[in-house]
Amino acid sequence: MKKLYALFTLLLILVLTVSSNPVIAQNYTSGVVDDTSSGGDPGEVSTILTAHDKNAIFDNAATYTFEVKNTYNKPQVGKVTYLITDQFNKKLRKDSILINVEQHSSRSYDFTLPQLKSGFYKVNFMINVNDYDDTTRRVFGIRPDEIRSAHSRPDDFDKFWETAKAQLAKVKPEYKITEKFDLEKDNRKVFLIEMKSLGNKTIYVWLTEPEHHQKYQKFPVLLLLPGYQATNIPLLGRDDDMAFVSPDVRGQGLSKENFDMRREDYIVNGLEDKNKYIMRGIIMDCIRAIDFIYSRPELGHDRIGVTGGSMGGYLSITTAALDKRVTFCAPQNPFMSDIYNMDNGAVEWPINYMKKYVTIRPDLTFEKALDNLQYFDTKNFASAVNCPVVMGIGLLDPFVPPNNSYVVFNSIKTKKKIFVFKDLGHEVGDKYYNYEIRFTRDTFGLF
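Residues numbered from 1 in each chain as written. Predicted model: local features only at pLDDT ≥ 70, side-chain atom pairs only at ≥ 80, totals over all residues. Heavy atoms only, no water.

Draft legend 1. Expanded view of the packing of helix H2 (residues 157-169) against helix H4 (residues 278-295). Interhelical geometry of H2 versus H4 gives an angle of 55° and a closest axis separation of 10 Å. Classified by the angle their axes make, H2 and H4 are oblique. The element H2 and its partner H4 pack so that their crossing is right-handed. Counted together, Phe160, Trp161, Thr163, Ala164, Lys165, Gln167, Leu168 and Ala169 of H2 and Arg280, Ile283, Met284, Ile287, Arg288 and Asp291 of H4 form the full contact between these two elements. Considering only residue class, the contact of H2 with H4 consists of eight nonpolar, two polar and four charged. (Axes fitted to C-alpha atoms, helices over the stretch in contact; angles between N-to-C directions. Helix = DSSP H or I, 4+ residues; strand = E, 2+ residues; numbered from the N terminus. Parallel < 35°, antiparallel > 145°, perpendicular 65-115°, else oblique. Left-handed = near helix turned anticlockwise from the far one by under 90°. Contact = heavy atoms within 4.5 Å. Nonpolar A, V, L, I, M, F, W, Y, C, P; charged D, E, K, R; others polar.)

Draft legend 2. Broad picture of unusual backbone geometry. In the segment running from Trp349 into Pro350, the intervening peptide bond is cis, with an omega of 5°. Relative to the assigned elements, Pro350 resides in the loop between strand E16 (328-332) and helix H6 (351-359). In this structure, Asn200 is a non-glycine residue whose phi angle is positive, near 65°. Looking at where Asn200 falls in the secondary structure, it is placed in the loop between strand E11 (188-197) and strand E12 (201-210). Positive phi, close to 65°, is recorded for Ser310, a residue that is not glycine. Relative to the helices and strands, Ser310 is located in the loop between strand E15 (299-309) and helix H5 (311-322).

Draft legend 3. A look at the pattern of salt bridges. Taken as a whole and assessed by the stated rule, the structure comprises 16 salt bridges. Asp265 is the salt-bridge partner of Arg262, the closest N and O atoms lying 2.9 Å from each other. Judged by its relative accessible area of 27%, Asp265 falls in the partly exposed class. Taken together, the shared-partner salt bridges connect Arg288, Asp291, Asp323 and Arg325 into one network. (Salt bridge = Lys/Arg side-chain N within 4 Å of Asp/Glu carboxyl O. Buried < 20%, exposed > 50% of the residue type's maximum accessible area, 1.4 Å probe, protein only.)

Laid out in structure tokens, this is it:
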């Protein structure tokens, strides 16, 4: 259990490196009105919206119960309205019912929403009564296993990445390993590794491993990939049977040399040329980190897992797709998914940065930018992953809509499992991390 707790702590640290503001919906909403405005009646109205499926995923019509509690000394009369939109905020259906909740009582109202085709939909439940107005926002899915992208990957996608890997292979890594004695604790060694990556750029990687091991023991490795504009740290914990590798990819953390830029510039750097787009180098940095793992005799070359959230989830999938040395893949909320369907109101970021960038690049149009991004779309990598995958998503994610996430998940052809959190945004819950811990140790053959 100590090992499980230590790994769980490390995974939580990893999630905190995702530089974005998570959106968390509340199941319970309440409102208190100044008693002077209600004749000295210090009551309140509160609501609870409950989906009739634990994941808010349905085969046909979505069903909900909307409970209204009234602690006022008078009835609350008005209506409850629902509004359904698609991921692009197009209105699909709106309907209302009249309600009358007696004083000091509660009432529950069941809703069966009209049947829709497969996909995910936003639904707002709005209550308007005497002394209270509020909106509860949710997302529900209809047969998401049927979701597919309308856009195929470029014909030369594989050739594009074979070229990138060939260019990386020509760069001598020139590993420089420095033990950081001042950072060591819990019987774990800490090393900072400097290395050369694509374009002869210098990047830095942290390695921590148990201090003591048997002569022929080889540690399995968990490669923890960073979130957007995050700085990685040496990950410790008390695990005496596993090593952790956490790279600072170019432009992040210790690897900002020659790539230090504003947050809004990072995601669009080089977007006018797919061969110079920053994500090409970032993905190669992750593969170079695996090259380093293979250079170390004490690390298990046949047991390498990749995990991360947001950009780290994206890098987990892209790395597993391009490098068959990866044993398992555990992404959370991978961004850059089904990019053509991120426009038209589906998400604000990073589309807003990209549209702004186009205005200052006379040789670039937004359509051309989207075309270039097809070489970096998560879904176009997913079908090439050949190791087991466990994935987690939040249905209220403002950066990665669930339609986009399921396009990626449905493209994965190997053994896979997904955890859906209906009330979370750009994050996942403990249930996912508890499973990932067991999944990691089982896959590595650790007990």
